Amino acid sequence: MRLGLRLPLIDGEMPSSFVSRLARLHGTNPRDFCSDMGLQWPHVCSAHTEQLAHLAKLADVSEAQLIRWSGPLLSPCRYQVGEEIASTGVFRRAVTRICPRCVHEAQAAGLRYGPFQRIEWLVLSIGVCLDHGTALLRLPNAGHAHDTYDLMAQIKRHHGVIREAAAAEGFDPMTAFERYVVRRIQGQALPDWLSTLELQHLHRGCLTFGSALLFGSASNSATLDAAQSRAALDKGYSALQSPAQLLAALSQLKEAYRTERPYFSTDMGEFYTWLKEEVEEPKLEELRQVLRTFIVENYPLRPGAMILGREVLAGKRMTFGDARQVSGIARARMEIALRHLHGAGPASATVISDVKADDISAVNDFWAGLCNLKDAANALGVHPAQMKSLIDAGVLEAVRLKSALRYVTKASMEAVLKQIDALPVDHASKEILPISEFSQSRCISMAKVLKAVQDGEIRHVYRSRELTGIRSILIDNEESPIRQRRRHQADMSIAEVAEHLQIRPSSIRELRDSGYLEQVHRKNPDTNHRRAFITIGSIVRFEAEYETLGQMAARIGGRPMHLAKRLDEDGVTPLPTKGRLVRAYIREAFLSEAAKFPSQAS
């Protein structure tokens, strides 16, 4: 038997919608129509196969198409939605959800063209109509459960709301996620990494992950409005299209919500909670494995930790507390070393919250290769105060770990000691001086003398049998002074001015107290404490008018002690000062007096 009055089945239309149109065509309601035609309306709504087969014969339509778009129940709470499977969490078969403009156009065109209920509109992942870009409208349920399936009655019951929604202006195209879901339902999507996920998995994963990415890991997806949910679903879909994109997005979450002690469940928010709840679902195992890999690589874990249903035997990161138990290195020293090894300076805002297991040996090697200034000074046989000048002169290599914390590399120390050990032992026939006396006699820092020895500028160098380290170096007294005076461009410390003017530091203080030199206080970059400096301007003015005994002796090539005796005999008086004698003279008087001395340099 076939119906005399028939209608075409619209692609994607549900059987209940089709029967509702047929009933309206025959001037009755779906329940009475089904009774007259030997059908059962509740069974048609529930997609019973034998009912759909009978309906196909009556209406002369494709039985396969009726079944395909019927949404049959496969198991408790799981339905076949087109070519996909979905649970009641994302597919609502017993509701009316329509496109207002599709209804409006169909009413104008006649029953052959609708109105109709597409199966894809009942999937919560889809928020707009593909054809019109109009937000889908869910109508209130009817008083009786099966009356809600009567589409024509529902449209008549709520025609005012539908007309108002259809008249609203605007076009909101489907998102990439919505188009993907439609293709999945229609069987048109190409196989990809997400193909094994059922629609409820796809929806929940994209929603929770997108919500964390857009609104923060502490966000609650249940509180999002329709526009926010669509945005979150699309964002989550774009981040879940491949394992590489997922890993990149997880890194973004970790960086965005970094705390002093980051934890993966906090950083990932609802996304991790959802996967943990679905730990028994085999279709999500590949997704869980990507997360496990990321967690093991990026978060500190203790052996035996359970991550998404799997035990982690050994993590690749550890907390500072666990690292200290393994290495014996305190957190402060561990963090200093890691900042240096990873190129993050002391002033960097980068938070180091944990330690890679592979970094432990590197940190141990790092500290084993360094020596603090005090111990280095003892090993080299010098005073700790001399270490800075040795570093500045390039004799030793140093590492600055904090603004005021420097260490000397043991390799550079060993190189200096090895060079000293290779020197010949002192010779009795030579007039040799210890390096400290040679330095004082030339008014040149010991660091510069040692650098000149290393560079081969001083060649007659020996080693004492009795002493060790730098103190054991002996230099031929006949060696010429090292011409290493430099033009300073900035303010200098008292010690640096003393070296520059070739007099003692105590004499510099006397010149300062007597008003010849000007002193300022500034933060010392090596210690972060305030320190006194002599201004470069006052030094320039001083040298323009005056010359020290050491400077004149170096210029004419004489000994300062001999020159001082001759000046005293000739009545040339030093500058007047408030306290002790300072061997500095007015330049004009000094030059006329110096002309009487034959130059030893010639």
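Residues numbered from 1 in each chain as written. Predicted model: local features only at pLDDT ≥ 70, side-chain atom pairs only at ≥ 80, totals over all residues. Heavy atoms only, no water.

1. A look at the overall build of the protein
Step number 1: Summing up its helical and strand segments, the protein has 29 helices and 19 strands in all.
Step number 2: Counting only C-alpha atoms, the protein reaches 145 × 50 × 35 Å along its principal axes.
Step number 3: A fraction of 61% describes how many contacts in the protein between residues 6 or more apart in sequence connect residues 24 or more apart.
Step number 4: Of the roughly 29,900 Å² that the protein leaves accessible, carbon and sulfur atoms contribute 51%.
Step number 5: The averaged location of the 69 negative side-chain charges in the protein is 3 Å from the averaged location of its 76 positive side-chain charges. (Helix = DSSP H or I, 4+ residues; strand = E, 2+ residues; numbered from the N terminus. Contact = heavy atoms within 4.5 Å. Areas by Shrake-Rupley, 256 points an atom, 1.4 Å probe, with all protein chains shown as cover. Lys, Arg positive; Asp, Glu negative; His and termini not counted. Charge placed at Lys NZ, Arg CZ, Asp CG, Glu CD.)

2. A short note on the sheet that holds strand β10 (residues 370–372)
Step number 1: An order of β10-β12-β11 is seen for the 3 strands of this open sheet, with the pairing classed as antiparallel. Edge strands, defined here as strands with exactly one partner in the open sheet, are β10 and β11 (398–402). Neighbouring strand axes in the sheet, compared pairwise and without regard to direction, differ in orientation by 40° on average.
Step number 2: Relative to strand β12 (residues 405–409), β11 runs antiparallel, the two being bridged by 4 bridges. Each residue of the ladder has a partner; that of Val-399, found in β12, is Tyr-407. (Pairing = 2+ DSSP bridges. Axes fitted to C-alpha atoms, helices over the stretch in contact; angles between N-to-C directions.)

3. Thoughts on the packing of aromatic side chains
Step number 1: Tallying each qualifying case throughout the model produces 14 aromatic pairs.
Step number 2: Between the aromatic rings of Phe-116 and Trp-121, the centroid separation amounts to 5.6 Å while the plane-to-plane angle is 25°, which identifies the pairing as stacked.
Step number 3: Taking the relative accessible area as the measure of exposure, Phe-116 reaches 9% and is therefore buried.
Step number 4: Between the aromatic rings of Phe-271 and Trp-274, the centroid separation amounts to 6.1 Å while the plane-to-plane angle is 35°, which identifies the pairing as tilted. Taken together, the residues Phe-271 and Trp-274, both in helix α14 (residues 270–277) and 3 residues apart, mark about one turn of the helix. Just as Phe-271 is buried, Trp-274 falls in that class too.
Step number 5: Among the aromatic side chains, those forming a connected cluster through ring pairs are Tyr-263, Phe-264, Tyr-272, Phe-294 and Tyr-299.
Step number 6: Above the face of the Tyr-299 ring, Lys-254 is positioned so that its terminal group lies 5.3 Å from the ring centre. (Phe/Tyr/Trp six-rings, centres within 6.5 Å; stacked < 30°, edge-to-face > 60°. Buried < 20%, exposed > 50% of the residue type's maximum accessible area, 1.4 Å probe, protein only. Lys NZ or Arg CZ within 6 Å of the ring centre and 35° of its normal.)

4. A few points about the sheet that holds strand β3 (residues 84–87)
Step number 1: Pairing in this open sheet of 3 strands is antiparallel, and the strands run β1-β2-β3 from one edge to the other. Lying at the two open borders of the sheet, with one neighbouring strand each, are β1 (73–75) and β3. In this sheet, adjacent strand axes meet at a mean angle of 40° when their direction is disregarded.
Step number 2: By the bridge criterion, 4 bridges tie strand β2 (residues 78–81) to β3 in an arrangement that is antiparallel. Across the sheet, Gln-80 pairs through a bridge with Ile-85, a residue of β3.

5. Overview of unusual backbone geometry
Step number 1: Geometrically, the link from Gly-114 to Pro-115 is a cis peptide bond, its omega value of -5° lying close to zero.
Step number 2: Structurally, Pro-115 can be placed in the loop between α6 (100–109) and β5 (137–139).
Step number 3: Phi at Asp-60 takes a positive value of approximately 55°, unusual for a residue other than glycine.
Step number 4: The topology assignment puts Asp-60 in the loop between α4 (49–59) and α5 (63–68).

6. Observations concerning helix α18 (residues 359–368)
Step number 1: Buried within α18 are the following residues: Asp-359, Ile-360, Val-363, Phe-366 and Trp-367. The buried residues of α18 occupy an angular sector of 125° when the element is viewed end-on, so they sit on one face. (Arc of directions from axis to C-beta.)

7. Re the nonpolar core
Step number 1: Counting residues in each nonpolar core, the largest one holds 71 residues, and the members touching the most others are Ile-185, Phe-209, Leu-246, Met-268, Phe-271, Leu-287 and Leu-291.
Step number 2: For this core, the element with the most residues is helix α10 (residues 199–215), which contributes 7 residues.
Step number 3: Residues contacting Phe-271, with those up to four places away along its chain left out, are Gly-205, Thr-208, Phe-209, Leu-240, Leu-246, Leu-287 and Leu-291.
Step number 4: Formed by 30 residues, the second largest nonpolar core is a distinct cluster that contains Ala-377, Leu-380, Val-449 and Ala-452. (Core = buried A, V, L, I, M, F, W, Y, C linked by side-chain atoms within 4.5 Å.)

8. What about helix α15 (residues 285–298)?
Step number 1: For α15, spanning 14 residues, the distance from its first C-alpha to its last is 20 Å, which sits close to the expected 20 Å at 1.5 Å a residue.
Step number 2: Listed in full, the buried residues belonging to α15 are Leu-287, Arg-288, Val-290, Leu-291, Arg-292, Phe-294, Ile-295, Val-296 and Asn-298.
Step number 3: Looking at the buried residues of α15, the elements they touch are α12 (243–256), α13 (264–268), α14, β6 (305–307), β7 (310–312) and β8 (317–318). (Expected span 1.5 Å × (residues − 1).)

9. Some remarks on the state of the cysteines
Step number 1: Applying the stated rule across the entire model yields 0 disulfides.
Step number 2: Cysteine Cys-34 is unpaired, with the sulfur of Cys-45 as its nearest cysteine sulfur at 7.4 Å.
Step number 3: Cysteine Cys-129 is unpaired, with the sulfur of Cys-99 as its nearest cysteine sulfur at 3.7 Å. (Disulfide = S-S within 2.5 Å.)

10. What about the environment of Leu-58?
Step number 1: Relative to the elements of secondary structure, Leu-58 occurs in helix α4.
Step number 2: Sequence separation between Leu-58 and Glu-270 is 212 residues; the distance between their C-alpha atoms is 50 Å.
Step number 3: Filtering out sequence-adjacent residues up to four positions away, Leu-58 remains in contact with Met-1, Arg-2, Leu-3, Arg-6, Met-37 and Leu-39.

11. Topic: the pairing of strand β15 (residues 473–476)
Step number 1: By the alternation rule, side chains of β15 split into Ile-473 and Ile-475 and Leu-474 and Asp-476, which are all buried.
Step number 2: Note that strand β13 (residues 432–434) and β15 share 3 bridges and pair antiparallel. What sits directly across from Pro-434, in β15, is Leu-474.
Step number 3: Alignment of strand β14 (residues 461–463) against β15, held across 3 bridges, turns out to be antiparallel. Note on β15: the bridge partner recorded for Val-461 is Ile-475.

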